[in-house]
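# Breakdown of the fold
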Amino acid sequence: MILYLGRRLLGVAGILLAICAITFTIFYLLPNDPAAAACGKTCSPERLVEVKAAMGLDKPVWEQFFVYLLGIVAGRDYGSGASATHCGFPCLGYSYEYSLPVWDLLVDRLPVSVSLAIGSAVLWLVLGLSAGITSALRKNTVVDKILTVLSVGAASLPVYFTSIMLIWGVVRTAGLLPYPAYHQFTDNPVSWASNLLLPWTALALLYAAQYARQSRTSMIEAMAEPYIRTARAKGMPALTVTVKHGLRSGMTPILTIFGMDLGGLLAGAVITESIFGLPGIGRLFYDGLLRSDQPVILGVTLLAAFFIVVANLLVDVLYAYVDPRVRY
């Protein structure tokens, strides 16, 4: 297991390095000039040269990339002399729009995205697995058909439509909940949950439908295995057979998609955060795209890649505990 983890961690580092290089190259090939945008419309050619030097854009792309990588592990300085600005470890660049280190912006927005991802993940797992298991145990019955129709319908609704309808129905029409705004969990847990309930629901409806269909298929296949018939023949309780043997065996594909979904959401849900006005990483990424804030876009991309590859690594390790047939 230690050797396996060592190889996987080296692979994670290689993937992140490749993503960083590709994203950095794409930004370099874009026609827009960040220095000209930062300098302003009335910028003189002499001032533009100074701004490029301060931003480190006057060097070849390979040297800019090397300096960027070095800044991640050791920090770096922007500019020179008395006007130099230090970006500490880990330096993911300096935002053109906010005039702040990208890492500080990510740390400030991360609690919002983590709260949104964890809450919606718990909700969609409970709803999706419950619906999928119920459909599998009552295959081809009226209950199964109703849950299948509901799952397909929920999966067909885009998250922006669900979000808008929830705001219109729950907030504006019924007035049951306040318009979503982020509050610190440590300050007021009740206010934190009530303000995030609508975004959780909007994401959970979409993901729960996918998990319901996937868990139904996995459970039907697992419950048809010979060891399930053997467990029933031995007189084991139905709950034990379903949960301990059927569900545990059918959880492998669920874990795979869960790692991808949760890893992606931890780096921000762009549409959901934008519609509900939540100041998360997804909203930061969206604003960075609008303003061509390349360091912010690159930083969010690296963070998203990190979350996804680490989530997949954890899922692979969990395989051995969920399914005893998996060994490393």
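Residues numbered from 1 in each chain as written. Predicted model: local features only at pLDDT ≥ 70, side-chain atom pairs only at ≥ 80, totals over all residues. Heavy atoms only, no water.

## Points about the packing of aromatic side chains
Using the criterion set out here, one finds eight aromatic pairs in the structure. Look at Phe24 and Tyr68: their rings are 5.7 Å apart centre to centre, the planes differ by 50°, and that puts the pair in the tilted class. With Phe24 in helix H1 (residues 2-29) and Tyr68 in helix H4 (residues 61-74), this residue pair connects regions lying 44 residues apart in the sequence. Tyr68 shares its class with Phe24; the two are buried. Centroid distance Trp124 to Tyr211: 5.7 Å. Interplanar angle 40°. Geometry classified as tilted. Note that Trp124 is positioned in helix H5 (residues 102-137) and Tyr211 in helix H8 (residues 189-223), a separation of 87 residues in sequence. Taken together, Trp124, Tyr207, Tyr211 and Phe258 form an aromatic cluster joined through their ring pairs. (Phe/Tyr/Trp six-rings, centres within 6.5 Å; stacked < 30°, edge-to-face > 60°. Helix = DSSP H or I, 4+ residues; strand = E, 2+ residues; numbered from the N terminus. Buried < 20%, exposed > 50% of the residue type's maximum accessible area, 1.4 Å probe, protein only.)

## Concerning the environment of Gln294
The residue Gln294 is located in helix H13 (residues 294-322) in this model. A relative accessible area of 12% means that Gln294 is categorised as buried. Placed 79 residues apart in sequence, Gln294 and Ser215 show a C-alpha to C-alpha distance of 40 Å.

## With respect to the nonpolar core
If you look at the biggest cluster of nonpolar residues, it comprises 64 residues, and the most contacted ones within it are Tyr68, Leu106, Trp124, Leu198, Leu203 and Leu265. Setting aside anything within four residues of it in sequence, one finds Leu265 in contact with Ser113, Ala117, Ser120, Trp124, Leu203 and Tyr207. (Core = buried A, V, L, I, M, F, W, Y, C linked by side-chain atoms within 4.5 Å. Contact = heavy atoms within 4.5 Å.)

## Let's talk about the state of the cysteines
In total, this model carries one disulfide according to the counting rule given. Note that Cys87 is cross-linked by a disulfide to Cys91, the S-S spacing being 2.2 Å. With the S-S bond torsion at 110°, the cross-link from Cys87 to Cys91 turns out right-handed. Each member of the pair, Cys87 as well as Cys91, carries the same accessibility label: buried. (Disulfide = S-S within 2.5 Å.)

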